[in-house]
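# Overview (structure and organization)
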Amino acid sequence: MQTLASCCLFLFGHSVQLEAGRVNGGEGRSEYHEWRLKCRRKHISRGDQRFEDNLLSRVCCACSTCPENPQISKPVYPTKVISLYPEVESCCTRWRRMRVIIVKMAGQDVDELFDIRTSLYIGNYQHCINEAQKLKLSNPDLKLQRDVIMYRSYIAQRKYGVVLDEINSGKSSELQAVRMYADYMSSDSRREAVVRDLDSKMSGSVDVTNSAFLLMASSIYYQEQNFDSALRTLHQSDNLECIALSVEILLKLDRVDLAKKELKRMQELDEDSILTQLAQAWFNISVGGDKYQDAYYIFQEMSDKHASTPLLLNGQAVCYMAQGRFDDAESVLQEAMDRDSNNPETLVNMIVLTQHMGKAPEVSNRYVSQLKDSHRSHPFVRDYLIKESEFDRISLNYTPSVMA
């Protein structure tokens with residue numbers, strides 16, 4: 001049973017969130033204190049008494065099973081526990097994570113777009129749209145970023161008409177890039193013209209600081225299976241989301257070595273970003289072995305902390321299937337189906353799962369038919385249709401003939 005314990009402290013006028021997440025079963029109290037004492041011995045031996053007094057003795061105040069339940073009365077000293085004390089991270093092999101997040105008080109560099117940006121990344125699109133419409137922003141740059149995030153959520157929901165109707169020629173170049181992607185996704189007949197226009201733009205001078213354009217352009221090339229052009233487009237940017245897409249493409253190409261380098265870049269830029277964590281999960285799945293469980297913990301932690309979205313549930317299901325835990329995968333995928341019965345990734349994983357579980361052919365055929373009806377341009381469907389056509393063509397060579 002996954003549990004998540006958390007508490008709020010204050011550090012020099014800032015709100016601090018301490019989190020400790022269980023990763024396996026057993027008695028929470030004994031497991032927690034075993035980890036805590038291990039950390040205690042390490043740091044006391046190093047003479048870090050202030051670290052010990054101000055942090056480790058107070059982490060367990062968040063643990064509901066702790067008999068001490070100490071009161072928080074003094075500020076915590078370190079602001080970046082993991083980076084300042086890497087030994088703590090190495091002690092967390094039986095725990096998903098323990099980290100300190102500094103959230104500055106209102107009026108001091110608060111990331112007003114954090115919630116909607118996170119919702120976009122984890123696939124909680126409707127929440128992203130709802131919250132974006134509530135935001136009252138005075139900074140024009142933040143307004144632009146909000147609109148980019150909101151319209152991308154509409155595209156993810158396949159509501160292309162909203163984007164095409166609301167973004168006109170007078171809007172900014174960032175929003176024009178989003179409109180270009182919506183135009184591409186909205187109609188198969190428009191794709192060739194959009195790609196041709198994009199190639200023309202890429203052959204000229206490109207503003208590498210316009211990360212929205214780079215993302216939308218590379219997303220179009222990704223859909224076209226033109227991974228070389230996508231990577232060349234993304235390579236020009238140090239934007240975290242651009243690097244994350246590079247990691248995804250490199251893993252798809254089975255270039256784990258290059259993906260590892262890009263992941264390291266992300267960790268250097270922002271180790272705590274949800275994008276970096278997602279990229280780490282993708283990387284762990286590609287590496288395999290014991291890393292499947294590590295990837296599962298990342299997806300599970302995000303679900304506990306934010307929301308269980310089809311994107312995160314599919315990630316968990318993939319980890320389960322890779323470990324041969326098909327019953328668990330079925331349970332998770334069924335939850336994903338309950339949340340969005342037409343999600344293409346869920347349908348693809350359901351097809352794979354039914355094959356592994358040896359279910360009747362008509363079960364998987366239903367999911368295949370649903371995919372063909374609703375997501376005919378999906379890469380899986382396009383590849384499936386090509387193979388289906390090839391099979392039919394080759395099978396004609398083996399048509400039985402009647403001998404006279």
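Shown above is the structure to which this text applies.
Below: a short report on this structure. Here, residues in each chain are numbered from 1, in the same order as that chain's written sequence. The predicted origin of the model limits local features to residues at a pLDDT of at least 70 and limits the giving and counting of side-chain atom pairs to 80 or more, whereas totals for whole chains, interfaces and linings rest on all residues. Derived side-chain values reflect all non-hydrogen atoms in the structure, with water molecules and hydrogen atoms excluded from consideration.

### Observations regarding the overall build of the chain
Check the secondary structure of the chain and you find 21 helices and three strands. Buried, partly exposed and exposed residues are distinguished by accessible area as a fraction of the type maximum, computed with a 1.4 Å probe on protein chains only: under 20%, between the cut-offs, and over 50%, respectively. A buried classification covers 45% of the 404 residues belonging to the chain. Throughout, the Shrake-Rupley method with a 1.4 Å probe supplies accessible areas, and for residues the shown protein chains are the sole cover considered. Accessible area for the chain stands at about 21300 Å²; split by element, carbon and sulfur atoms hold 49% of it. Helical segments are the DSSP runs of H or I of at least four residues, strand segments are the runs of E of at least two, and each set is numbered from the N terminus.

### So, the packing of aromatic side chains
Pairing of aromatic side chains requires ring centres within 6.5 Å, counting the rings of Phe and Tyr and the six-membered ring of Trp. Pairs whose planes differ by under 30 degrees are stacked, by over 60 edge-to-face, and all others tilted. Summed over the entire model, instances satisfying the criterion amount to five aromatic pairs. Each ring, one from Tyr-296 and one from Tyr-320, has its centre 5.0 Å from the other, and the planes form 45°; the classification is tilted. In this pair, Tyr-296 is assigned in helix H16 (residues 291-305) and Tyr-320 in helix H17 (residues 310-322), connecting sequence segments 24 residues apart. Each member of the pair Tyr-296 and Tyr-320 is classed as buried. A centroid spacing of 6.4 Å and a plane angle of 20° characterise the contact between Phe-380 and Tyr-384, whose relative ring orientation is stacked. You can see Phe-380 and its partner Tyr-384 sitting in helix H21 (residues 379-395), four residues apart, about one turn around the helix. Using a relative accessible area of 27% as the deciding quantity, one classes Phe-380 as partly exposed. Three or more aromatic residues joined by ring pairs form one cluster here, namely Tyr-296, Tyr-297 and Tyr-320. Look at NZ for Lys and CZ for Arg. If either is within 6 Å of the ring centre and within 35 degrees of the ring normal, a charge sits over the ring. The ring of Tyr-184 carries the charged tip of Arg-191 above its face, separated from the ring centre by 4.4 Å.

### Here we look at the side chain of Asn-314
With respect to the helices and strands, Asn-314 occurs in helix H17. With a relative accessible area of 6%, Asn-314 lands in the buried category. The criterion used for residue contact is that any of the two residues' heavy atoms lie within 4.5 Å. Ignoring sequence-local partners within four residues, the contact set of Asn-314 consists of Leu-333, Ala-336, Asn-343, Glu-345, Thr-346 and Asn-349.

### Quick notes on empty space enclosed by the protein
In the cavity and pocket records, a cavity denotes points on a 1 Å grid over the protein atoms alone where a 1.4 Å probe fits but cannot get out, a pocket denotes an open set with protein on both sides within 12 Å along at least 5 of 7 lines, and lining residues are residues with an atom within 4 Å of a point. Grid points are joined across faces, edges and corners, and a volume is the space filled by probe spheres set on the points. According to the stated counting rule, one finds one cavity of 30 Å³ or more in the structure shown. Reported here for the largest cavity is a volume of approximately 30 Å³. Forming the walls of the largest cavity are Val-368, Leu-371, Lys-372, Phe-380, Val-381 and Tyr-384. Looking at the lining of the largest cavity, the elements with two or more residues in it are helix H20 (361-374) and H21. The residue classification treats Ala, Val, Leu, Ile, Met, Phe, Trp, Tyr, Cys and Pro as nonpolar and Asp, Glu, Lys and Arg as charged. All others, Gly included, are polar. Considering only residue class, the lining of the largest cavity consists of five nonpolar, no polar and one charged.

### Here's the deal with H20
Taking 1.5 Å as the rise per residue, H20 with 14 residues should run 20 Å; its terminal C-alpha atoms sit 20 Å apart, in good agreement. Those residues of H20 that sit buried are Val-363, Ser-364, Tyr-367, Val-368, Leu-371 and Lys-372. Along its buried surface, H20 packs onto helix H18 (326-339), helix H19 (344-356) and H21. One less than the number of residues in a helix, times 1.5 Å, gives the span that helix is expected to have.

Shape is all these values report; function is a separate question.
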